[in-house]
Amino acid sequence: NQSKIMSGKGTKSKKPSGPKTFYVDASIPVADSLLVDSAFAKYLEENLKVKANGSVKGKIGESVSVSAANGIITIVVQDDATAKRQLKYLTRRYLRKQALSNYLRVFAPKKDSYQIKYLAGSGDVDEEEGEDVE
């Protein structure tokens, strides 16, 4: 067993991976006019760091493409140029800049996507308003 570990045999070699597609579903806040999906997509384009370009913001080149349609932002990444975790970081940062982080949260319902939803308990209607106190 020790000889296999020392010689490097039995280790997995990295295969070149194809394009990965990530989604950020902002359809709920877009439907309520809290977010503009094209502005959010532009923010991601300007702030994504890409490994191939020396991790410089805004220079995504041809390795990453960002598009928005119906509140869903689609990010297509070639050859692991950026990480999914960075998308969550940028999404949360964008919500903070728009002063929406107290009302919206970002979570991952699937392996390849994030979704923006309202925080639980941030409803607009109080249940006690309609009650009469005697």
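Residues numbered from 1 in each chain as written. Predicted model: local features only at pLDDT ≥ 70, side-chain atom pairs only at ≥ 80, totals over all residues. Heavy atoms only, no water.

1. Describing the confidence of the model for the protein
Per-residue confidence for the protein gives a mean pLDDT of 78, with 69% of residues at or over 70. Confidence drops under a pLDDT of 50 for residues 125-134, and excluding neighbours within four residues, the segment shows zero contacts in the predicted structure. (pLDDT = per-residue confidence, 0-100. Contact = heavy atoms within 4.5 Å.)

2. Let's talk about the pattern of salt bridges
Should the charged atoms of two oppositely charged side chains come close, the side chains can pair. Summed over the entire model, instances satisfying the criterion amount to one salt bridge. In this structure, the salt-bridge partner of Glu46 is Lys42, at a minimum N-O distance of 3.9 Å. Linking Glu46 with Lys42, this pair stays in helix α3 (residues 37-47), spanning four residues, or about one helical turn. (Salt bridge = Lys/Arg side-chain N within 4 Å of Asp/Glu carboxyl O. Helix = DSSP H or I, 4+ residues; strand = E, 2+ residues; numbered from the N terminus.)

3. Structural notes on helix α4 (residues 84-97)
Spacing of three or four residues puts side chains on the same side of an α-helix, whose turn is 3.6 residues. For α4, with 14 residues, the first-to-last C-alpha span of 20 Å sits near the 20 Å given by 1.5 Å per residue. For α4, every residue scored as buried is listed here: Lys84, Gln86, Leu87, Lys88, Leu90, Thr91, Tyr94 and Leu95. Residues of α4 that are buried make contact with β1 (20-25), α3, β2 (49-50), β5 (72-77), β6 (104-110) and β7 (113-118). Phi for Ala99, located one or two positions after α4, is positive at around 60°. (Expected span 1.5 Å × (residues − 1). Buried < 20%, exposed > 50% of the residue type's maximum accessible area, 1.4 Å probe, protein only.)

4. What about the packing of α3 against α4?
Where α3 contacts α4, the axes come no closer than 10 Å and their chain directions differ by 125°. The orientation of α3 with respect to α4, classified from their angle, is oblique. Crossing handedness for the pair α3 and α4: right-handed. Taken together, the residues of α4 that come into contact with α3 (itself represented by Ala39, Phe40, Tyr43, Leu44 and Asn47) are Gln86, Leu90, Thr91, Arg93, Tyr94 and Lys97. Classifying every residue of the contact of α3 with α4 gives six nonpolar, three polar and two charged. (Axes fitted to C-alpha atoms, helices over the stretch in contact; angles between N-to-C directions. Parallel < 35°, antiparallel > 145°, perpendicular 65-115°, else oblique. Left-handed = near helix turned anticlockwise from the far one by under 90°. Nonpolar A, V, L, I, M, F, W, Y, C, P; charged D, E, K, R; others polar.)

5. Examining the packing of aromatic side chains
Under the counting rule described, the total for this entry stands at two aromatic pairs. Between the aromatic rings of Phe40 and Tyr94, the centroid separation amounts to 4.9 Å while the plane-to-plane angle is 35°, which identifies the pairing as tilted. One end of the pair, Phe40, is in helix α3; the other, Tyr94, is in helix α4, and 54 residues separate them in sequence. In this structure Tyr94 comes out as buried when scored by relative accessible area, which is 7%. Centre to centre, the rings of Tyr43 and Tyr94 are 5.1 Å apart; their planes meet at 50°, and the pair counts as tilted. One end of the pair, Tyr43, is in helix α3; the other, Tyr94, is in helix α4, and 51 residues separate them in sequence. Each member of the pair, Tyr43 as well as Tyr94, is classed as buried. A connected cluster of aromatic rings, assembled from ring pairs, spans Phe40, Tyr43 and Tyr94. (Phe/Tyr/Trp six-rings, centres within 6.5 Å; stacked < 30°, edge-to-face > 60°.)

6. Considerations on a nonpolar patch on the surface
Together, Leu34, Tyr103 and Tyr118 line one region of the surface with nonpolar side chains, adding up to about 270 Å² of accessible area. Among the secondary structure elements, Leu34 is positioned in the loop between α2 (27-31) and α3. (Patch = residues over 30% accessible without salt bridge, like charges linked within 9 Å, V, L, I, M, F, W, Y side chains within 5 Å. Areas by Shrake-Rupley, 256 points an atom, 1.4 Å probe, with all protein chains shown as cover.)

7. Some words on the sheet that holds β5
The strand order β4-β5-β1-β7-β6 describes an open sheet built from five strands, whose pairing is mixed. At either end of the open sheet lies a strand with only one pairing partner, and these are β4 (64-69) and β6. Across the sheet, the mean angle from the axis of one strand to that of its neighbour is 20°, orientation sign disregarded. As defined by bridge partners, β6 adjoins β7 across five bridges and the pair is classed as antiparallel. From the neighbouring strand, Lys110 faces β7, where its bridge partner is Ser113. In this fold α3 packs onto β1, β4 and β5, with an angle of close to 170° to the strand it touches most, β4. (Pairing = 2+ DSSP bridges.)

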